[in-house]
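# Residue-level structural notes
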2 protein chains.
Amino acid sequence: MATESQKKATVSSTVEDYLKVVLKIEDMKQRASTSRVARHLDVADATVTDMLRKLKKAGLLEYKPYYGAALTPKGRRMAVRILRRHRLLEMFLHQVLGYGWEQVHQEAERLEHAVSDLFISRIDALLDFPAQDPHGETIPDARGFRQVEDDLCLAEAEPGSYSVRKVTNSDPEFLAYLDKVGLRPATRFCLQERTPFQGPLKLLPQSGREPVYLGLEASGSIFVLPLKDRPRAPESDPRAPASRMAGDHAGRSGDEKAG
Amino acid sequence: MATESQKKATVSSTVEDYLKVVLKIEDMKQRASTSRVARHLDVADATVTDMLRKLKKAGLLEYKPYYGAALTPKGRRMAVRILRRHRLLEMFLHQVLGYGWEQVHQEAERLEHAVSDLFISRIDALLDFPAQDPHGETIPDARGFRQVEDDLCLAEAEPGSYSVRKVTNSDPEFLAYLDKVGLRPATRFCLQERTPFQGPLKLLPQSGREPVYLGLEASGSIFVLPLKDRPRAPESDPRAPASRMAGDHAGRSGDEKAG
DNA sequence: GAACTTTATTAGACTGGTCTAAAAATGAAG
DNA sequence: CTTCATTTTTAGACCAGTCTAATAAAGTTC
Ligand SMILES: [Mn+2]
Ligand SMILES: [Mn+2]
Ligand SMILES: [Mn+2]
Ligand SMILES: [Mn+2]
C-alpha cells in the first residue's frame, strides 16, 4: 500500500445532502446536532442518528453521541464539491436557461447529484468561471477553495448606504418579493432607520421607488456590503471586494479534532 | 368521480427506466419478455418478474406470467416522455456543452430522471425544437407524438448510395470509431458490395477516404436512407424525408390487448 | 408424450433510507 | 441533588430495489 491511490468513493445523493447540511451548519458556526441536521433535511431525528453513525464509519465525519457531528477533511471535501456544483448549476440555470433566481435552487438541489464532472466543467467554462451564484453566494473553485468574506447581516446593520451582497434564503416567495421591491444582489439601497423594539427596517432601494419595510426575520437572510458613502459606478456587481482564501480545502491530513 | 383530474403519478427513476426499456423492445417489434427486459437493464430475471407485477398493479403495463409485458396507454405516455427527455438532453449536451456524440448517452441516462419539465422546455427552445438527437433518433414532440420512419437497416441494404440516418448503438467505442471513419448521421456513403457468406460490407464514405469494412453485427445498428442516386446539396441533415405520425400517443382508451 | 433445455416464478434474504414509539441521557431549575 | 423538560438514541418496523438458489412452467426433440 505504497501509493494509496485515491479511490472513487461514490456516495448516494442522500449522503451528499447530509454532508452539505453539516457543512452549512458548521459555516454558521453552530454545532451540527442531530436535531439541527434533522430540521434542515426534514427527516426524523432517529434517521439522522443512524445516518451520522454510518457517515462516521465511512470516515466522512466525526460523531460524538449526544453531542453532534463535525466533517472530516474527506467529508468536507465532498461537501464543498456538492456546494460548488449546486451554485454553478444555479448560475447556469439563471444565465443560460433564463430561470428566475427564485426558481434555481429547487432544480439545482436535484441536479447537483446527477450531473457529471464533465458537465460541471463545461458549464463553468461556458459561464466564464463565475465567482458567485444568483443569490450572491460564493462558488468554490475547482480545487475546493472557498472565498470567505466577513458578512455584514442587514439585521445588524446601522443606517447608511449598502449594496446587497447575498441572500441566504431559498424560499421562492421571499425571493420573488425581494425581486419585486428591487433588492437583488449587487443592487444598492439606503438603510434609513431601524425602528425600535425589534421593529422593521426602513429601506430605500436605489431604484428610488417606494420605501421598503422589512421585518427583522427577513433582514436576517440579507447580507450587505457597506458603501463608501459616495455613490459610484451604477449596477456593476461587487466581485470580491473584501475577502480572503479559506483554509478549508483540507489538503493532506486531518487535524480538526473536536478539541 | 366526474372530472377525474389527472394526478401527478410520480414514479422512481427505476420505474422510468423499466418503462423505457419495454417501449424500446416493443418498438423493435419484439415480445417484452422477462429475460429480455432483464438483459436490457442488466438486472436478474427475478427482479424483473417482481417489477413487472408492480407496474401492472400501477396500471402502467399489462403483464401475463410466462409471457411478457405490454405498455398500457398510460405507461406508454410515460415512457415516451422519458424518451423525449433523453433525446433532447443528448442534443443539448452535444450542441450546447460540446459533448461528443459518444459521450451524450450516459449522461442523459441519468439526467432524464432529474431535470424538471421547465428545464426540458427551455433546452427545447434553446435548440430550436430539434427533430433528431445526435444519433439521428427522432425526438418525440411535447405532446408525445413520434415521427415514425420506415427504417432501412444497413445490414439489409443493397449496394448503392445512402446517407446515414441513425445509429442505434450507444457503445462509446463503436461511436467513436464510426466518427473516425466518417460515418455520422447525415453523412453520405456508397455501399460498394456485400461480401458473400455473411461477410463484411465494403463502404466508401463521402469524404472519399479509405474504404471501410463493416461487419454485419456492426451494420445492424446503422440505419440509412437511400439516395436518389444523383448527389445533391452537401451536408444538410435529412429532416423528415419519409415519415408519418405514429398513432401511439395513446389518447383515450386502451385497445392494445395481447390479442 | 417422455425427456431434456430454456425461461420464468417463487422463496428468502439483504441494503439503504426512512418512520414511530419507547427508553435513556443531558441539562436546567429548584 | 432531585425533578422535570428537552434532546438523543434504541428498538422495531416498513418500503423499494436488488440478489441467489430452488422450483415450476413452457418449449423442443425424438
Ligand atoms: Mn441554492
Ligand atoms: Mn440535493
Ligand atoms: Mn441515448
Ligand atoms: Mn435512465
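Residues numbered from 1 in each chain as written. Chains lettered and ligands numbered in written order. Predicted model: local features only at pLDDT ≥ 70, side-chain atom pairs only at ≥ 80, totals over all residues. Heavy atoms only, no water.

Summing up its helical and strand segments, chain A has eight helices and ten strands in all. The proportion of buried residues among the 259 residues of chain A is 44%. Long-range contacts, defined here as pairs at least 24 residues apart, represent 65% of the contacts in chain A between residues at least 6 apart. Accessible surface, chain A: about 14300 Å² in total, of which carbon and sulfur atoms supply 51%. (Helix = DSSP H or I, 4+ residues; strand = E, 2+ residues; numbered from the N terminus. Buried < 20%, exposed > 50% of the residue type's maximum accessible area, 1.4 Å probe, protein only. Contact = heavy atoms within 4.5 Å. Areas by Shrake-Rupley, 256 points an atom, 1.4 Å probe, with all protein chains shown as cover.)

Our next topic: the sheet that holds strand β7 (residues 201-205) of chain B. All names here are of chain B. Spatially, six strands are ordered β4-β9-β5-β6-β7-β8 in an open sheet, and the strand pairing comes out antiparallel. Two strands in the sheet have a free side with no partner beyond their single neighbour: β4 (152-153) and β8 (212-214). Pairing geometry for strand β6 (residues 188-194) and β7, over five bridges, is antiparallel. Pairing of C190 across the sheet is with L204, part of β7. Its contacts with the sheet put helix α7 (residues 172-181) on β5 (160-167), β7, β8 and β9 (222-226), and the angle it makes with β8 is roughly 150°. (Pairing = 2+ DSSP bridges. Axes fitted to C-alpha atoms, helices over the stretch in contact; angles between N-to-C directions.)

So, about the coordination of the manganese ion (ligand 2). Donor atoms from the polypeptide that coordinate the manganese ion (ligand 2) comprise D17 of chain A (OD), E109 of chain A (O), E109 of chain A (OE), E112 of chain A (OE) and H113 of chain A (NE2), at 2.0 to 2.4 Å from the metal. A relative accessible area of 0% places E112 of chain A in the buried class. (Donors = N, O, S within 2.8 Å, 3.2 Å for Na, K, Ca; no water.)

Now for the protein's contact with DNA strand C. The environment of DNA strand C is formed by 21 residues, the closest being S12 and T47 of chain A together with S35, R53 and Y63 of chain B. Per the 4 Å cut-off to the protein, sugar and phosphate atoms form 82% of the nearby atoms of DNA strand C. In the model, a phosphate oxygen of DNA strand C is placed 2.9 Å from a nitrogen or oxygen of the T34 of chain B side chain. Contact distances for DNA strand C include 2.4 Å between a phosphate oxygen and a side-chain N or O atom of S35 of chain B. Contributions of two or more residues to the surface near DNA strand C are made by α1 (13-27) and α3 (45-57) of chain A together with α2 (34-41) and α3 (45-57) of chain B. (Near = heavy atom within 4 Å. Polar contact = N/O pair within 3.5 Å; in protein donor to acceptor, adjacent residues only side chain to side chain.)

The subject of this paragraph is the coordination of the manganese ion (ligand 4). Any two of four tetrahedral donors ideally make an angle of 109.5 degrees at the metal, while pairs among six octahedral donors ideally make 90 or 180 degrees. Residues and elements named next belong to chain B. For the manganese ion (ligand 4), every protein donor is listed as D17 (OD), E109 (O), E109 (OE), E112 (OE) and H113 (NE2), and the spread of their distances is 2.0 to 2.4 Å. In primary-sequence terms, the residues that donate to the manganese ion (ligand 4) follow D-x91-E-x2-E-H. Linking E109 with E112, this pair stays in helix α5 (residues 104-114), spanning three residues, or about one helical turn.

What follows concerns the confidence of the model for chain A. With 85% of its residues at a pLDDT of 70 or more, chain A has an overall mean of 87. Considering only residues more than four positions removed or in separate chains, one finds that residues 231-259 of chain A, a stretch of pLDDT under 50, has 47 contacts. (pLDDT = per-residue confidence, 0-100.)

What follows is about the interface of chain B and chain A. Between chain B and chain A, the contact holds 18 residues from the first and 18 residues from the second. Across the chain B/chain A interface, buried area totals approximately 1500 Å², and carbon plus sulfur atoms make up 63% of it. Three residues, L97, F119 and R122 of chain B, lead the burial of chain B against chain A; their summed loss comes to 34% of the area buried on that side. Summed over the shared surface of chain B and chain A, the number is zero salt bridges. Linking chain B to chain A there are twelve residue pairs in polar contact (both at pLDDT 80 or more). At the level of secondary structure, the elements contributing two or more residues to the side of chain B that touches chain A comprise α4 (73-95), α5 and α6 (117-126) of chain B. The greatest single-element share of the side of chain B that touches chain A, amounting to five residues, is contributed by α6 of chain B. A per-class count over the side of chain B that touches chain A returns twelve nonpolar, three polar and three charged. (Buried area = accessible area lost by both parts, 1.4 Å probe. Salt bridge = Lys/Arg side-chain N within 4 Å of Asp/Glu carboxyl O. Nonpolar A, V, L, I, M, F, W, Y, C, P; charged D, E, K, R; others polar.)

To continue, consider the relation of the copies chain B and chain A. Under the fitted operation, chain B is carried onto chain A by 0.0 Å of movement along the axis and a turn of 180°, and the coordinates agree to an RMSD of 0.0 Å. Given the turn and translation reported, the copies of this chain are related as if by a two-fold rotation axis. When C-alpha distances to the rotation axis are compared across chain B, the minimum falls at A114 of chain B, with a value of 3.4 Å. A high fraction, 100%, of the interface residues of chain B reappear at the interface in chain A, so the copies pair face to face through one surface. (Least-squares fit on C-alpha atoms with pLDDT ≥ 70 in both.)

With that out of the way, let us pick up the domain arrangement of chain A. Here the domain parsing of chain A yields domain 1 (4-71), domain 2 (81-146) and domain 3 (152-226). Averaged C-alpha coordinates put domain 1 of chain A and domain 3 of chain A at centres separated by 32 Å. (Domains from an automatic or database assignment.)

Before going further, it helps to examine the packing of α2 of chain B against α3 of chain B. Angle between the axes and distance between the axes: these two values describe a pair of packed helices. Residue and element names in this part refer to chain B. Here α2 crosses α3 at 110°, and the two axes come no closer than 8 Å. If you check the angle between α2 and α3, you find them roughly perpendicular. Crossing angle aside, the handedness with which α2 passes α3 is right-handed. Contacts from T34, S35, V37 and A38 in α2 reach D45, V48, T49 and L52 in α3. Split by residue class, the contact of α2 with α3 holds four nonpolar, three polar and one charged. (Parallel < 35°, antiparallel > 145°, perpendicular 65-115°, else oblique. Left-handed = near helix turned anticlockwise from the far one by under 90°.)

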